[in-house]
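Chain residues, written in single-letter form:
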Amino acid sequence: VGAIAFSLTGLLIFIADEQQLRELTFWQLGSLAGATWLKLTVAAPLMLVAILVMASLSRGLNAIMMGEGVALHLGIEVQRLKHVAIVCVAAATGAAVAISGGIAFVGIVIPHVLRLIIGPDYRALIPASAFAGAALLLGADMFARTVVAPAEMPIGIVTALIGAPVFIAMLMRRSSAEGL
């Protein structure tokens, strides 16, 4: 699937004119520059529904943290819950990426950092992750728009520069805690 997507992206790059090539580059690096109200009105309902459904799954997700066997004994339909969660995450992510391209590390780092701060309860973690991710995205966008003004840096560069070191530090902390 990755090879097919890469070849299709390569084809788009090959046939693009200069303006389209610039837009495609910004999309690949992640940018809010191409976001429009029309795109947002199409994608926002899908993202909002996915977030609300995920929030409604928090009890089951909390149960799964104790193990799938325990969750089954608590009356959670584990396989159904996992399928619904995967569809919701994929739908919300796909809608967001369609608007802004891939903006690295927001969805990886924010929930992990918040888990350290507010704990593992998904009833708090899901909405907090949505708001903190949006705040990080807006802050990174403001930075990307001002640091090289009047040009604009793709936001994915900023979030990767923030997120990669944080993620590496988290991995190193986990490795040292496990004695690896």
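Now for a description of the structure that goes with this document. (Residues numbered from 1 in each chain as written. Predicted model: local features only at pLDDT ≥ 70, side-chain atom pairs only at ≥ 80, totals over all residues. Heavy atoms only, no water.)

This part is about the overall build of the protein chain. On a plain count of helices and strands, the protein chain comes out with nine helices and zero strands. Reading the protein chain from its N terminus to its C terminus gives the helix and strand order α-α-α-α-α-α-α-α-α. Accessible area for the protein chain stands at about 11,500 Å²; split by element, carbon and sulfur atoms hold 74% of it. For the protein chain, the separation between the mean place of its 10 positive charges and that of its 9 negative charges on side chains is 10 Å. (Helix = DSSP H or I, 4+ residues; strand = E, 2+ residues; numbered from the N terminus. Areas by Shrake-Rupley, 256 points an atom, 1.4 Å probe, with all protein chains shown as cover. Lys, Arg positive; Asp, Glu negative; His and termini not counted. Charge placed at Lys NZ, Arg CZ, Asp CG, Glu CD.)

One pass over the full model with this rule turns up one aromatic pair. When the centroid spacing of 6.3 Å and the interplanar angle of 55 degrees are considered together, the rings of Phe105 and Phe167 count as tilted. Within this pair, whereas Phe105 is found in the loop between α6 (78–100) and α7 (106–118), its partner Phe167 is found in helix α9 (residues 155–177), the two being separated by 62 residues in sequence. (Phe/Tyr/Trp six-rings, centres within 6.5 Å; stacked < 30°, edge-to-face > 60°.)

This paragraph deals with the side chain of Ser129. Summarising the element assignment, Ser129 is placed in helix α8 (residues 122–147). A distance of 2.7 Å separates a polar side-chain atom of Ser129 from the backbone oxygen of Leu125. Apart from residues no more than four positions distant in its own chain, Ser129 is found in contact with Ile110, Pro111 and Leu114. (Polar contact = N/O pair within 3.5 Å; in protein donor to acceptor, adjacent residues only side chain to side chain. Contact = heavy atoms within 4.5 Å.)

Let us look at the environment of Glu77. Note on placement: Glu77 falls in the loop between α5 (68–73) and α6. The spacing of Glu77 and Gly60 is 17 residues in sequence and 8.3 Å in space, taken between C-alpha atoms.

Okay, α7 next. For the α-helix, the turn length of 3.6 residues means that residues three or four positions removed from each other point alike. With 13 residues, α7 extends 17 Å from end C-alpha to end C-alpha; this agrees with the ideal 18 Å at 1.5 Å per step. Among all positions of α7, only Val106, Val109, Ile110 and Leu114 are buried. The buried residues of α7 occupy one face: seen down the axis, they fall within an arc of 120 degrees. In the core, the buried residues of α7 are packed alongside α8 and α9. Phi turns positive, to about 100 degrees, at Gly119, one or two residues after α7. (Expected span 1.5 Å × (residues − 1). Buried < 20%, exposed > 50% of the residue type's maximum accessible area, 1.4 Å probe, protein only. Arc of directions from axis to C-beta.)

Glancing now at the packing of helix α1 (residues 2–15) against helix α2 (residues 18–29). The geometry of α1 relative to α2 is characterised by a closest axis approach of 8 Å and an angle of 150 degrees between their N-to-C directions. Taken as axis vectors, α1 and α2 run roughly antiparallel relative to one another. Between α1 and α2 lies a crossing of left-handed hand. Of the residues in α2, those in contact with Thr9, Leu12, Ile13 and Ile15 of α1 are Gln20, Leu21, Leu24 and Gln28. A per-class count over the contact of α1 with α2 returns five nonpolar, three polar and no charged. (Axes fitted to C-alpha atoms, helices over the stretch in contact; angles between N-to-C directions. Parallel < 35°, antiparallel > 145°, perpendicular 65-115°, else oblique. Left-handed = near helix turned anticlockwise from the far one by under 90°. Nonpolar A, V, L, I, M, F, W, Y, C, P; charged D, E, K, R; others polar.)

What follows concerns a nonpolar patch on the surface. A contiguous nonpolar surface patch, about 670 Å² in accessible area, is contributed by Ile4, Leu8, Leu11, Leu12, Phe14 and Ile15. Tracing the sequence through the fold places Ile15 in helix α1. With a relative accessible area of 56%, Ile15 lands in the exposed category. (Patch = residues over 30% accessible without salt bridge, like charges linked within 9 Å, V, L, I, M, F, W, Y side chains within 5 Å. Salt bridge = Lys/Arg side-chain N within 4 Å of Asp/Glu carboxyl O.)

Taken by themselves, the reported measurements are silent on function.
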